[in-house]
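Observations on chain architecture
One letter stands for each residue in the lines below.
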Amino acid sequence: MNREDLKIYTARYIDHAFAITGLLCCLASLGIIAVLFFDLVLDGLPRITSTFFFSFPSRIPEKAGILSAWVGSVIVIVVTALFSIPIGVATGIYLEEYGKKNWITDIIEINISNLAGVPSIIYGLLSLSLFVYLLKFGESILTGGLTLGLLILPIVITATRESIRTIPQSIREASYALGATKWQTIRWHIIPYSTGGILTGIIIGLSRAIGETAPLITIGALTFIAFLPSSPIQPSFPFISFGWLFDAFTVMPVQIFNWISRPQKGFHINAAAASSVLLVMTLLLNGIAIYIRYRFRRRIRW
Amino acid sequence: MEATKAKEKIIEAGLLIASASSILTTAGIIFVLFYESFPFFKHTSFFEFITEKQWTPLFADRRLGILPLVAGTLLTTLIATIIAIPVGLIVAIYLSEYAPSRLKEILKPILELLAAVPTVVYGYFALLFLTPLLQSFFPDISGFNALSPGIVMGIMIIPYISSLSEDSMKAVPMALKEASYALGATRFQTSIRVVIPAAFSGVASSFLLGISRAMGETMVVAIAAGMMPNLTANPFEPVQTLTSYIVQVSLGDVPHGTFEYSTVFAVGVVLFFMTLIFNILSFFLRKGIREGVR
């Protein structure tokens, strides 16, 4: 074999070796998720019973449960969604459909990109000063929801913009040609066609919010909550109350953090059990997002 | 007709107000960080802050040097980067140049799951799975250390690096790759000599974003790195990062307006500007590619 042949063989060999390395790296990440999941489930399985879901935290690990934590997570996420979806989608629509190319939109764009990279704990500091003390919302569900809402706003905005950007210009022109106004075009064409991408972004954002711990610790989400928020429906006039917005709360990840930080083995089992529940919640949300993206991509062809 | 026009104007104004909220958030962050840390910087000279080698703001004998926390943050970030950059880049090249499209459709969402796992769960994994595992190889590693959370953070940011890099590799014009193949280059040679140089700004941008993520990551280090300010480069020792200091103080329920309260915001200022530099650089690199392709 001469030297030229050897060079070609080496090049091919490296090429194949890289293909295998690449595949292994991808499979390794799948492996890590599997190890993570089985480690949690194996540690936590003995604790995952119905009493675990319907008990309050306790000083005795075997009696402690996640009732206040999962209820808190669900309510905080609802507040987060109500806050971030309208503002995020509106911003995305404005920037794509109305915003002219000038220095103001440039600044908004740099700004959103930077906000997406700001560490989540910094949002916690913002809320601690602004919502907890200045606006006097206290360490409440409202503060928690707004904090997470600000945190996922860049995700919702970016998803909205990217989804709108894939709609061909001809769709808009067809609508204008029929005499539709700008808003009518957006309302009846742009929004319906971009719903899939927007929904995917919203769900990914919410799944991130459900797992967030640091900003909620900063604003003072408590770790020992042995009560549920007050009911929004009251027996007496005016029957609807927003008092629950100002109740103290805890959420799943904060509860998990509390249990991990304790020295007793029993609490680590609780942490593993609660983590498996949280992991299933986030993976489910992500699965739904992937499915929606897939469905809408198949349905719309330009 | 007039009513329709008025409605159009009102809607446009409403949408503009919504987009202003993002500017307000940034302004709010900067204002709050400076306003609340003001008492801290009034008490401490800036020179002491950046040269003193100890951080003990909660003790009677207060030493207020930020170095140990910055060192802790840089150490864990460095470990994470050593894991995430090579793996992220290999994955990106594999997905963009090697993987058949059907396999890619399956692999990409799975990789993204790595970024979706809650950080507190990664913290559990680092403290109660990886650290004991590492201890069986290195017996002198401490129960809280910089290595284990660093590795776990590295795993966590792989998808950020791989998906952004892959996007920019995909944007490399097909003609360039075909020219390389026509000269007899293998896929690997094409990737290294054509695709990566052509996609360089996007790839570099993804590295910067990954580094910024690692610096700002909180729960993994708060759980597994210990809560001890420690000016060291030894990954086997416990360290405290900027972020985990904020967590430590927040857990103690510090009263509003005290000196301890202002230390949290002073640390926040440092963290914010450290990540800001990387975020902004990353943004301009990315913007460069987008306009280059057009």
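Thresholds, definitions, all that
- Residues numbered from 1 in each chain as written.
- Chains lettered and ligands numbered in written order.
- Predicted model: local features only at pLDDT ≥ 70, side-chain atom pairs only at ≥ 80, totals over all residues.
- Heavy atoms only, no water.
- 1 Å grid on protein atoms, 1.4 Å probe; cavity = no way out; pocket = protein on both sides within 12 Å on 5 of 7 lines; lining within 4 Å.
- Points joined across faces, edges and corners; volume = space filled by probe spheres on them.
- Helix = DSSP H or I, 4+ residues; strand = E, 2+ residues; numbered from the N terminus.
- Core = buried A, V, L, I, M, F, W, Y, C linked by side-chain atoms within 4.5 Å.
- Buried < 20%, exposed > 50% of the residue type's maximum accessible area, 1.4 Å probe, protein only.
- Contact = heavy atoms within 4.5 Å.
- Buried area = accessible area lost by both parts, 1.4 Å probe.
- Salt bridge = Lys/Arg side-chain N within 4 Å of Asp/Glu carboxyl O.
- Nonpolar A, V, L, I, M, F, W, Y, C, P; charged D, E, K, R; others polar.
- Domains from an automatic or database assignment.
- Polar contact = N/O pair within 3.5 Å; in protein donor to acceptor, adjacent residues only side chain to side chain.

**A word on empty space enclosed by the protein**
Regions of empty space are outlined by a rolling probe, equal in size to a water molecule, passed over the atoms. As enumerated under the stated definition, the model contains five cavities of 30 Å³ or more in all. Considering only enclosed or pocket space, the largest cavity measures out at about 150 Å³ in volume. In terms of lining, the largest cavity is formed by 13 residues, of which the most central are A:L128, A:T218, B:S250, B:V254 and B:Y261. Taken together, the elements giving at least two residues each to the lining of the largest cavity come down to helix 5 (120–134) of chain A together with helix 11 (242–251) and helix 12 (259–293) of chain B.

**A short note on the nonpolar core**
One finds B:W55, B:I66, B:Y122, B:M169 and B:L242 to be the most contacted residues of the largest nonpolar core, which totals 164 residues. Of all the elements, helix 3 (residues 67–98) of chain B adds the most residues to this core, at 14 residues.

**So, the side chain of B:S250**
If you trace the backbone, B:S250 turns up in helix 11. For B:S250, the residues in contact, after removing those within four places along its chain, are A:I217 and A:T218.

**A word on the interface of chain A and chain B**
Taken together, the contact between chain A and chain B spans 79 residues of the former and 80 residues of the latter. Taking both sides of the interface into account, the surface hidden between chain A and chain B amounts to around 7,000 Å²; carbon and sulfur atoms contribute 75%. Across the chain A-chain B interface, the total number found is one salt bridge. The partner of B:R187 in a salt bridge is A:D15, with the nearest N and O atoms 3.3 Å apart. Per-element tally for the side of chain A that touches chain B: the top contributor is helix 1 (residues 3–44) of chain A, with 20 residues. Class assignment for the residues of the side of chain A that touches chain B results in 48 nonpolar, 18 polar and 13 charged.

**Notes on unusual backbone geometry**
Residues and elements named next belong to chain A. The backbone of K136 shows a phi angle near 60°, a positive value even though the residue is not glycine. With respect to the secondary-structure elements, K136 resides in the loop between helix 5 and helix 6 (141–165). We classify K136 as exposed; its relative accessible area is 66%.

**A word on the domain arrangement of chain B**
Residues and elements named next belong to chain B. With domains assigned, chain B is organised as domain 1 (2–43) and domain 2 (67–293). Of note, the centres of domain 1 and domain 2, computed from C-alpha atoms alone, are 30 Å apart. Domain 1 puts 11 residues into the contact, and the matching count from domain 2 is 11 residues. Summing both sides of the interface, domain 1 and domain 2 together bury roughly 960 Å²; the carbon and sulfur share of this comes to 87%. When residues of domain 1 are sorted by the area they lose upon contact with domain 2, L33, E36 and F40 head the list and together hold 55% of the total. Here domain 1 and domain 2 share zero salt bridges between them. On inspection of domain 1 and its partner domain 2, the count reaches one residue pair in polar contact (both at pLDDT 80 or more).

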